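# Survey of secondary and tertiary structure
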Amino acid sequence: ETIFALFPQSISIDPASALAHPGVARSYHGLWWLGAHPDKTWASMIETAARHAMDLDPTLADAHVFLGLAELGGHRRFDAARVHFERALSLAPMSSFAELSYALYFLATADPDEALRRSRRALALDPMLVETNVILGFVLLCRREYAEAVRQFQMTMSVDGRFTWATYMLGW
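Along every chain, residues carry numbers that run from 1 in the direction the sequence is written. Given that the model is predicted, a residue must reach a pLDDT of at least 70 before its local features are reported, and side-chain atom pairs must reach 80 or more before they are shown or counted; all residues, however, enter totals for whole chains, interfaces and linings. Computation of side-chain values: all heavy atoms of the structure, hydrogens and water removed.

### Digging into the overall build of the protein chain
Going along the chain from the N terminus, every DSSP run of H or I of four or more residues is numbered as a helix, and every run of E of two or more is numbered as a strand. Across its full length, the protein chain holds 10 helices and zero strands. Listed N to C, the secondary structure of the protein chain is α-α-α-α-α-α-α-α-α-α in terms of helices and strands. Looking at the protein chain residue by residue over its 172 residues, the buried ones come to 45%. For the protein chain, the proportion of contacts with a sequence separation of at least 24, taken over those separated by at least 6, is 50%. To be clear on the numbers: accessible area is Shrake-Rupley with a 1.4 Å probe, and residue cover counts the displayed protein chains and nothing else. In the structure as shown, the protein chain presents an accessible area of about 8700 Å², 59% of it carried by carbon and sulfur atoms. Each residue is placed in one exposure class: buried if its accessible area under a 1.4 Å probe, protein chains only, is under 20% of its type's maximum, exposed if it is over 50%, and partly exposed if it falls in between. We call two residues in contact when some of their heavy atoms are within 4.5 Å.

Shown next, in the form of C-alpha coordinates:
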(Lines give C-alpha, C1' and ligand atoms only; values in the text may rest on other atoms or scores of the structure.)
Protein backbone atom coordinates (compact mmCIF):
# COMPACT_ATOMS: atom_id res chain seq x y z
CA GLU A 1 0.00 0.00 0.00
CA THR A 2 1.12 3.51 -0.66
CA ILE A 3 1.68 6.19 1.89
CA PHE A 4 -1.35 7.97 0.46
CA ALA A 5 -3.57 5.07 1.48
CA LEU A 6 -2.04 4.46 4.89
CA PHE A 7 -2.30 7.93 6.42
CA PRO A 8 -6.00 8.37 5.52
CA GLN A 9 -6.60 4.84 6.83
CA SER A 10 -4.93 5.83 10.10
CA ILE A 11 -7.09 8.96 10.29
CA SER A 12 -10.26 6.95 9.67
CA ILE A 13 -9.30 4.54 12.48
CA ASP A 14 -8.58 7.34 14.94
CA PRO A 15 -9.94 10.70 13.73
CA ALA A 16 -8.90 12.38 17.00
CA SER A 17 -5.22 11.59 16.49
CA ALA A 18 -3.27 14.60 15.26
CA LEU A 19 -0.15 12.62 14.34
CA ALA A 20 -1.32 11.23 10.99
CA HIS A 21 -2.13 14.65 9.52
CA PRO A 22 1.51 15.83 9.28
CA GLY A 23 2.17 12.51 7.51
CA VAL A 24 -0.39 13.49 4.90
CA ALA A 25 1.28 16.90 4.63
CA ARG A 26 4.69 15.22 4.24
CA SER A 27 3.29 13.08 1.43
CA TYR A 28 2.03 16.14 -0.43
CA HIS A 29 5.31 17.92 0.19
CA GLY A 30 7.17 14.96 -1.30
CA LEU A 31 5.00 15.12 -4.41
CA TRP A 32 5.77 18.81 -4.74
CA TRP A 33 9.51 18.08 -4.55
CA LEU A 34 9.03 15.60 -7.36
CA GLY A 35 7.21 18.22 -9.42
CA ALA A 36 3.82 16.50 -9.29
CA HIS A 37 1.85 19.57 -8.19
CA PRO A 38 2.14 23.30 -8.91
CA ASP A 39 3.13 25.45 -5.93
CA LYS A 40 -0.35 26.75 -5.09
CA THR A 41 -1.90 23.28 -5.33
CA TRP A 42 0.57 21.56 -3.02
CA ALA A 43 0.60 24.48 -0.62
CA SER A 44 -3.17 24.27 -0.17
CA MET A 45 -3.05 20.49 0.32
CA ILE A 46 -0.26 20.75 2.88
CA GLU A 47 -1.97 23.63 4.63
CA THR A 48 -5.24 21.70 4.96
CA ALA A 49 -3.54 18.65 6.46
CA ALA A 50 -1.40 20.75 8.83
CA ARG A 51 -4.39 22.81 10.00
CA HIS A 52 -6.31 19.62 10.77
CA ALA A 53 -3.39 18.51 12.92
CA MET A 54 -3.24 21.88 14.69
CA ASP A 55 -6.99 21.82 15.34
CA LEU A 56 -6.43 18.54 17.19
CA ASP A 57 -3.12 19.44 18.83
CA PRO A 58 -1.81 23.03 18.57
CA THR A 59 1.49 21.95 20.14
CA LEU A 60 2.42 19.59 17.30
CA ALA A 61 5.68 20.99 15.93
CA ASP A 62 5.50 19.21 12.57
CA ALA A 63 2.17 20.91 11.83
CA HIS A 64 3.89 24.28 12.22
CA VAL A 65 6.79 23.14 10.03
CA PHE A 66 4.44 22.17 7.22
CA LEU A 67 2.48 25.40 7.52
CA GLY A 68 5.80 27.21 7.31
CA LEU A 69 6.77 25.25 4.20
CA ALA A 70 3.41 26.04 2.58
CA GLU A 71 3.83 29.73 3.38
CA LEU A 72 7.43 29.72 2.15
CA GLY A 73 7.24 27.71 -1.04
CA GLY A 74 3.61 27.95 -2.04
CA HIS A 75 2.44 31.40 -0.99
CA ARG A 76 5.80 33.21 -0.71
CA ARG A 77 4.72 34.78 2.58
CA PHE A 78 8.08 34.85 4.29
CA ASP A 79 7.03 36.52 7.55
CA ALA A 80 4.29 33.94 8.10
CA ALA A 81 6.71 31.12 7.30
CA ARG A 82 9.21 32.41 9.83
CA VAL A 83 6.55 32.54 12.56
CA HIS A 84 5.67 28.88 11.97
CA PHE A 85 9.30 27.71 11.86
CA GLU A 86 10.12 29.57 15.07
CA ARG A 87 7.02 28.15 16.76
CA ALA A 88 7.97 24.64 15.67
CA LEU A 89 11.46 25.06 17.10
CA SER A 90 10.06 26.44 20.36
CA LEU A 91 7.88 23.33 20.64
CA ALA A 92 10.58 20.88 19.53
CA PRO A 93 14.04 22.46 19.83
CA MET A 94 15.76 19.18 18.90
CA SER A 95 13.77 18.68 15.67
CA SER A 96 16.14 18.27 12.76
CA PHE A 97 13.19 18.60 10.38
CA ALA A 98 12.23 21.99 11.85
CA GLU A 99 15.86 23.19 11.69
CA LEU A 100 16.20 21.96 8.12
CA SER A 101 13.00 23.69 7.05
CA TYR A 102 14.11 26.90 8.75
CA ALA A 103 17.38 26.63 6.82
CA LEU A 104 15.36 26.69 3.59
CA TYR A 105 13.66 29.85 4.84
CA PHE A 106 17.03 31.54 5.32
CA LEU A 107 18.17 30.40 1.91
CA ALA A 108 15.00 31.85 0.33
CA THR A 109 15.44 35.14 2.19
CA ALA A 110 19.06 35.58 1.07
CA ASP A 111 20.82 34.69 4.31
CA PRO A 112 23.09 31.84 3.20
CA ASP A 113 25.25 32.03 6.34
CA GLU A 114 22.28 31.34 8.61
CA ALA A 115 21.01 28.71 6.16
CA LEU A 116 24.35 26.94 6.47
CA ARG A 117 24.35 27.18 10.26
CA ARG A 118 20.82 25.79 10.47
CA SER A 119 21.57 23.01 7.96
CA ARG A 120 24.61 21.93 9.93
CA ARG A 121 22.64 21.95 13.17
CA ALA A 122 19.92 19.84 11.54
CA LEU A 123 22.57 17.39 10.37
CA ALA A 124 24.08 17.22 13.87
CA LEU A 125 20.63 16.41 15.27
CA ASP A 126 20.00 13.60 12.76
CA PRO A 127 23.05 12.70 10.63
CA MET A 128 21.33 9.79 8.88
CA LEU A 129 18.33 11.71 7.53
CA VAL A 130 18.93 11.89 3.79
CA GLU A 131 16.84 15.03 3.31
CA THR A 132 19.06 16.89 5.77
CA ASN A 133 22.18 15.70 4.01
CA VAL A 134 20.98 16.73 0.56
CA ILE A 135 19.70 20.12 1.72
CA LEU A 136 23.06 20.84 3.33
CA GLY A 137 24.63 20.04 -0.04
CA PHE A 138 22.14 22.35 -1.74
CA VAL A 139 22.95 25.18 0.68
CA LEU A 140 26.66 24.67 -0.04
CA LEU A 141 25.91 24.71 -3.77
CA CYS A 142 24.01 28.00 -3.43
CA ARG A 143 26.95 29.43 -1.49
CA ARG A 144 29.21 28.41 -4.42
CA GLU A 145 31.15 26.04 -2.22
CA TYR A 146 31.18 23.52 -5.04
CA ALA A 147 33.82 21.04 -3.82
CA GLU A 148 32.17 20.81 -0.40
CA ALA A 149 28.72 20.46 -2.03
CA VAL A 150 29.97 17.57 -4.17
CA ARG A 151 31.38 15.84 -1.09
CA GLN A 152 28.07 16.33 0.72
CA PHE A 153 26.03 14.89 -2.16
CA GLN A 154 28.39 11.93 -2.41
CA MET A 155 28.09 11.36 1.33
CA THR A 156 24.30 11.53 1.01
CA MET A 157 24.42 8.85 -1.68
CA SER A 158 26.51 6.67 0.64
CA VAL A 159 23.79 7.00 3.31
CA ASP A 160 21.06 6.00 0.83
CA GLY A 161 22.00 5.36 -2.78
CA ARG A 162 18.32 5.23 -3.75
CA PHE A 163 17.68 8.85 -2.77
CA THR A 164 17.59 10.32 -6.26
CA TRP A 165 17.76 13.97 -5.19
CA ALA A 166 21.41 13.56 -4.23
CA THR A 167 22.20 12.20 -7.69
CA TYR A 168 20.15 14.96 -9.31
CA MET A 169 21.91 17.67 -7.29
CA LEU A 170 25.31 16.16 -7.98
CA GLY A 171 24.60 16.44 -11.70
CA TRP A 172 23.35 19.98 -11.38
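That was the structure; now back to the text.
### Description of helix α4 (residues 61-75)
The terminal C-alpha atoms of α4 lie 20 Å apart, and with 15 residues this matches the ideal 21 Å at 1.5 Å per residue to within 8%. Burial analysis of α4 places 14 of its 15 residues in the buried class, which makes it a mostly covered element. After α4 finishes, the residue Arg76 shows a positive phi value of roughly 60°. Each residue after the first adds 1.5 Å to the expected span of a helix.

### Looking at unusual backbone geometry
Even without glycine at this site, Arg76 takes up a positive phi of about 60°. With respect to the helices and strands, Arg76 occurs in the loop between α4 and α5 (78-91). Although it is not a glycine, Arg144 adopts a positive phi angle of roughly 65°. Judged by its relative accessible area of 64%, Arg144 falls in the exposed class.

### Some remarks on the nonpolar core
For soluble globular proteins, nonpolar side chains are generally found buried alongside one another. Here, the term nonpolar core denotes a set of buried Ala, Val, Leu, Ile, Met, Phe, Trp, Tyr and Cys residues that are joined through side-chain atoms within 4.5 Å. Of all hydrophobic cores here, the largest spans 45 residues; its most connected members are Val65, Leu69, Phe85, Tyr105 and Val134. Mapped by element, the contributors of at least two residues to this core are α3 (39-56), α4, α5, α6 (96-108), α7 (112-125), α8 (130-142), α9 (146-159) and α10 (164-171).

### Considering the environment of Ser44
Tracing the sequence through the fold places Ser44 in helix α3. Separated by 27 residues in sequence, Ser44 and Glu71 place their C-alpha atoms 9.6 Å apart.

### What to know about the packing of α5 against α6
Following both chains from N to C, one finds α5 and α6 inclined at 155°, their axes separated by 9 Å at the closest point. Here α5 is positioned roughly antiparallel relative to α6, judged by the angle of their axes. The hand of the α5/α6 crossing is left-handed. Here Phe78, Ala81, Arg82, Phe85, Glu86, Ala88 and Leu89 of α5 come into contact with α6, specifically with Ala98, Glu99, Ser101, Tyr102, Tyr105, Phe106 and Ala108. Classification convention: Asp, Glu, Lys, Arg as charged; Ala, Val, Leu, Ile, Met, Phe, Trp, Tyr, Cys, Pro as nonpolar; all other residues, Gly among them, as polar. Each residue belonging to the contact of α5 with α6 can be placed in one class, and the counts come to 10 nonpolar, one polar and three charged. Orientation is described by axes fitted as lines to C-alpha atoms, over the contacting stretch for helices, and by angles from 0 to 180 degrees between their N-to-C directions. Oblique is the label for any angle not under 35 degrees, not over 145, and not in the 65 to 115 range, which are roughly parallel, roughly antiparallel and roughly perpendicular in turn. Two helices cross in a left-handed way if the nearer one is turned anticlockwise from the farther one by less than a right angle. They cross in a right-handed way if the turn is clockwise.

### Things to note about the pattern of salt bridges
Salt bridges are defined as contacts in which a side-chain nitrogen from Lys or Arg sits within 4 Å of a carboxyl oxygen from Asp or Glu. In total, this model carries 11 salt bridges according to the counting rule given. Here Arg118 and Glu114 are joined by a salt bridge, their closest N and O atoms 2.9 Å apart. Taken together, the positions of Arg118 and Glu114, both in helix α7 and four residues apart, correspond to about one turn of that helix. Residues Arg118 and Glu114 agree in their burial class; the two are buried. With its nearest N and O atoms 2.7 Å apart, the salt bridge here joins Glu145 to Arg143. Looking at Glu145, the relative accessible area reads 25%, which means it is partly exposed. Relative accessible area serves as the criterion here: at 26%, Arg143 is assigned to the partly exposed category.

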